[in-house]
Amino acid sequence: MSSSAPIPPSPTAKVASEDILSAKTDLCVSNAIVKTGIAFGVGVVSSAILFRRRQWPVFVGIGFGLGQSYSDCERVFNPAAVPGFTIAGQTPGSSSADLTPLKLQFKAQASQAAAAVSDLKDKVVGKAEVVKAEVKEGAKEVKEEVKKAEDLLKGDKKIV
């Protein structure tokens, strides 16, 4: 007497990635339909009762519903982006969980900007030294001219 009941999979059986993706997509689509429908209903009711049958409350409601469902889908497909979420086996400050492509790009741009700032700082400091030397030369010349003018006013010496 053999039974034709299916054998349940063992707890350690691997699930195909297509099945995981399919389940997440189904959840997102169903959330989008439900949340957009509820927001549409709220928009219609508020349009009829509060806003003298204008269309914009309906469209605002639909936008809110779609936005909320998009936000939920983002959390479903990328749970590491949720603040406070940690992946099992990693510490909260672990760099491998925090290195999303956008953060890596930001770090690369930040290091390039730091190098550019350092180069500009060196150029500005060099220019400042040149200007400082020119100002000292100019100050010496002005002091000599002032000395000649004082001497001329005293009548002690004549300017050659």
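Residues numbered from 1 in each chain as written. Predicted model: local features only at pLDDT ≥ 70, side-chain atom pairs only at ≥ 80, totals over all residues. Heavy atoms only, no water.

> An account of unusual backbone geometry is needed here, citing residue identities and associated values.
Excluding glycine, a negative phi dihedral is what most residues carry, and trans is how most peptide bonds are arranged. Backbone geometry places R52, a non-glycine residue, at a positive phi of 50 degrees. Under the relative-accessibility criterion, R52 is labelled exposed at 68%. Non-glycine residue R53 carries a positive phi angle of around 60 degrees. Relative to the helices and strands, R53 is located in the loop between helix 1 (17-49) and helix 2 (56-77). (Buried < 20%, exposed > 50% of the residue type's maximum accessible area, 1.4 Å probe, protein only. Helix = DSSP H or I, 4+ residues; strand = E, 2+ residues; numbered from the N terminus.)

> Any chance you could break down the side chain of S69 for me, citing the residues and the numbers?
Within the secondary structure, S69 is located in helix 2. What makes S69 buried here is its relative accessible area of 4%. Excluding residues that lie within four positions of it along the chain, S69 makes contacts with N31, A32 and K35. (Contact = heavy atoms within 4.5 Å.)

> Can you tell me about helix 4 (residues 101-154), naming the residues and giving the values?
Residue pairs three or four apart in sequence face the same way in an α-helix, which turns once every 3.6 residues. Helix length check: helix 4, at 54 residues, gives a terminal C-alpha distance of 78 Å against a target of 80 Å (1.5 Å per residue), a fit within 8%. Just beyond helix 4, the residue with positive phi is G155, at close to 80 degrees. (Expected span 1.5 Å × (residues − 1).)

> Can you tell me about the side chain of S46, naming the residues and giving the values?
Inspection of the secondary structure puts S46 in helix 1. A distance of 3.1 Å separates the side chain of S46 from the backbone oxygen of G43, its partner in a polar contact. Sequence-distant contacts of S46, that is, excluding residues within four places in its chain, are made with F51 and P57. (Polar contact = N/O pair within 3.5 Å; in protein donor to acceptor, adjacent residues only side chain to side chain.)

> Got a sec to walk through the confidence of the model for the protein? Specific residues and values, please.
The predicted coordinates ought not to be read in detail in places where the model reports low pLDDT. Of all residues in the protein, 81% have pLDDT values of 70 or greater, and the mean over the chain is 82. At the low end of the mean pLDDT range in the protein sits helix 3 (residues 95-98), at 50; at the high end sits helix 1, at 93. (pLDDT = per-residue confidence, 0-100.)

> Lay out helix 1 with the relevant residues and their values.
A rise of 1.5 Å per residue sets the reference length of helix 1, with its 33 residues, at 48 Å; its end C-alpha atoms lie 48 Å apart and thus fit the reference within 8%. Taken together, the buried positions of helix 1 are occupied by C28, T36, A39, G43, S46 and S47. Against the buried residues of helix 1 lie helix 2.

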